[in-house]
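Summary of structural features
Below, each chain spelled out in residue letters.
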Amino acid sequence: MTIAPAPHTDIDLFSDTVLTDPYPAYAALRASGAAVYLDKTDAWALPRYEHIRAALHDWETFSSDAGVGLNDVVNGFLVGTVLGTDPPQHDTLRSVLSEQLAPRALRKVKDDIEASADKLVDALVTRGEFDAVTDLAAALPLSVVFDLIGLPEHAREDMLRWADGTFTVFGPMNERTEKGLGVIQEMFAWLGTLRAEDLKPGSMGRAIFDAAAAGKIGQDSCVPLLAAYTTAGMDTTINAIANSIQLFATHPDQWDALRANPDFIPSAFNEVLRYDAPVQAFARKLTRDVTIDDTHIPSGAQVVLLYGSGNRDERQYPDPDSFDIQRNPVDHLTFGYGTHTCAGQALAKIEAHAILRALIARVRRIHVGEPARHLNNVIRGLESLPVVHLDIDG
Ligand code: HEM
């Protein structure tokens with residue numbers, strides 16, 4: 001029997017060209033195999049839906065413990081974080097805030113978030129011209145997460161820069177990662193100065209310090225947990241909202257369908273998340289040899305789980321490159337799956353649904369200019385999206 005050589009590619013998934021539009025590269029990877037060795041990154045990519053989901057389910061083989069980033073420096077930062085641990089340590093860390101972020105607990109803040117979304121959209125509709133990223137998409141998650149975590153006011157202006165740096169460092173050691181490392185060192189240094197009394201009483205940030213005081217987690221877990229919850233809820237949700245605006249502006253038939261039936265909002269937002277995942281990839285490290293289809297991957301190898309590619313896998317979603325709000329892809333990979341599935345997804349949905357609900361009630365058509373893409377090693381998002389005109393009702 002002859003053994004076929006493992007598929008490999010010299011595509012650099014973290015180059016400017018691919019980050020600007022990764023979908024042709026993903027299609028090429030999916031066509032070449034279930035597991036493809038990335039020559040430029042010295043890691044394996046899983047580009048197909050079925051195998052990404054199976055890997056996320058099997059945390060014992062596809063471990064987060066050695067880090068979910070593609071360079072040793074960030075993996076050093078991730079030691080002992082909720083993202084960078086396996087059970088049982090992971091489950092203890094995750095339990096600290098999981099109750100506060102469960103849909104039932106969030107009912108308390110839902111009305112406030114909806115009122116803020118209404119107010120924001122009202123003001124922007126009056127203006128008529130604005131930037132959908134900085135003026136609309138960034139405004140709500142920044143204030144919501146900041147208030148929930150209860151951080152001191154003066155850090156607000158640094159938070160978006162810190163969040164951007166936190167995500168880009170998950171890539172291989174390229175120029176973006178090097179710059180990002182400087183940014184996150186600054187963020188960790190600042191977070192390290194915080195004491196329990198610096199965080200608002202009753203806030204999630206305070207709950208982290210309370211858990212440490214009660215001996216539930218180590219004192220040294222406070223800063224990593226604060227960092228995870230603060231930054232994870234920013235760029236992710238911001239780009240999900242910005243992507244929604246861009247997709248609905250460029251697919252007016254889908255906007256009309258949504259306006260005709262507001263009950264489609266959850267389904268429509270699932271389709272936005274499937275179509276353009278704000279987090280395109282995280283890595284895992286193999287704890288044993290595996291064979292995926294016919295491809296052997298050795299223990300210790302790094303494996304990149306390409307959520308953004310799995311979401312466009314034709315084996316899972318018919319006509320995957322079309323944006324169709326009636327598809328309701330509840331099984332998309334954008335929030336991950338399994339042990340590390342996004343802890344804040346209920347909050348992200350409340351925010352995005354609130355913005356969409358406020359917009360469909362007022363805006364008949366969104367006209368946008370040329371978007372500018374922001375390149376980050378793992379986040380897919382926009383720097384700016386000028387809204388040049390809104391057709392409004394009445
Ligand atoms: C549309 C918005 C969001 C997207 C696309 C997103 C995406 C993700 C993904 C893909 C993961 C899985 C990481 C892995 O597989 O290793 C994750 C985990 C996580 N997310 Fe989100 N996220 C979003 C919003 C939020 C929000 C609003 C928060 C909190 C305020 C949050 C907090 C977290 C935390 C703490 C984890 C780590 C969970 C764990 O390791 O057990 N996320 N997110």
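The chain carries the name Cytochrome P450 in an unreviewed UniProt entry, which gives Amycolatopsis endophytica as its organism. Recorded under Pathway (unreviewed entry), the UniProt text for the chain is reproduced unchanged: "Antibiotic biosynthesis; vancomycin biosynthesis." Of the chain, the UniProt comment under Function (unreviewed entry) reads exactly: "Involved in the coupling of aromatic side chains of the heptapeptide of vancomycin."

Residues Leu46, Leu136, Phe248 and Trp255 are the most contacted members of the largest nonpolar core, which totals 116 residues. Sort the elements by how many residues they give to this core and helix H17 (residues 345-362) lands first, with 10 residues. The contact partners of Trp255, leaving out residues within four places of it in the chain, are Phe248, Leu356, Leu359, Ile360, Val363, Arg364, Arg365 and Ile366. Val18, Leu38, Ala43 and Ala45 belong to the second-largest nonpolar core, a separate cluster that totals 16 residues.

Moving on to the sheet that holds strand E13 (residues 386-392). Pairing between the strands of a sheet comes from backbone hydrogen bonds, and it takes one of two forms, parallel or antiparallel. The 3 strands are arranged E5-E13-E10 in an open sheet whose pairing can be described as antiparallel. With one partner strand each, in any of the chains shown, strand E5 (130-131) and strand E10 (363-368) form the two edges of the open sheet. Of the strand pairs in this sheet, E5 and E13 are connected by 2 bridges, and their pairing is antiparallel. In the strand pairing of E13, Asp131 is matched with Pro386.

Leaving glycine out, the prevailing phi sign among residues is negative, and the prevailing peptide bond configuration is trans. Cis peptide bonds are those with omega within 30 degrees of zero, and the linkage from Pro87 to Pro88 qualifies with 5 degrees. Turning to its location among the elements, Pro88 is positioned in the loop between helix H4 (72-78) and helix H5 (89-98). For Asp319, which is not a glycine, the phi torsion comes out positive at approximately 50 degrees. Within the fold, Asp319 resides in the loop between helix H16 (307-310) and H17. The phi torsion at Asn328 lies on the positive side, around 45 degrees, for a residue other than glycine. Its relative accessible area of 33% is what places Asn328 among the partly exposed residues.

Reading across from one edge, E1-E2-E3-E9-E6-E4 is the order of the 6 strands in this open sheet, with mixed pairing throughout. Of all strands in the sheet, those bounded by a partner on one side alone are strand E1 (8-9) and strand E4 (62-63). Strands in contact with helix H2 (residues 23-32) are E1, strand E2 (36-38), strand E3 (43-46) and strand E9 (302-306); relative to E2, the strand with the most contacts, it is inclined by about 130 degrees.

To continue, consider the packing of helix H9 (residues 156-168) against helix H12 (residues 222-232). Helix packing for two helices is described by the angle between their axes and how far apart those axes are. Orientation of H9 relative to H12, taken along the N-to-C sense of each, is 105 degrees, at an axis distance of 9 Å. By the angle between their directions, the pair H9 and H12 is classed as roughly perpendicular. Counting all contacts with H9, which are made through Met159, Trp162, Ala163, Thr166 and Phe167, the residues of H12 involved are Thr230, Thr231 and Ala232. The class makeup of the residues in the contact of H9 with H12 is 5 nonpolar, 3 polar and no charged.

Conventions we followed
- Residues numbered from 1 in each chain as written.
- Predicted model: local features only at pLDDT ≥ 70, side-chain atom pairs only at ≥ 80, totals over all residues.
- Heavy atoms only, no water.
- UniProt positions renumbered as here; feature names shortened; annotations may be inferred.
- Core = buried A, V, L, I, M, F, W, Y, C linked by side-chain atoms within 4.5 Å.
- Buried < 20%, exposed > 50% of the residue type's maximum accessible area, 1.4 Å probe, protein only.
- Helix = DSSP H or I, 4+ residues; strand = E, 2+ residues; numbered from the N terminus.
- Contact = heavy atoms within 4.5 Å.
- Pairing = 2+ DSSP bridges.
- Axes fitted to C-alpha atoms, helices over the stretch in contact; angles between N-to-C directions.
- Parallel < 35°, antiparallel > 145°, perpendicular 65-115°, else oblique.
- Nonpolar A, V, L, I, M, F, W, Y, C, P; charged D, E, K, R; others polar.

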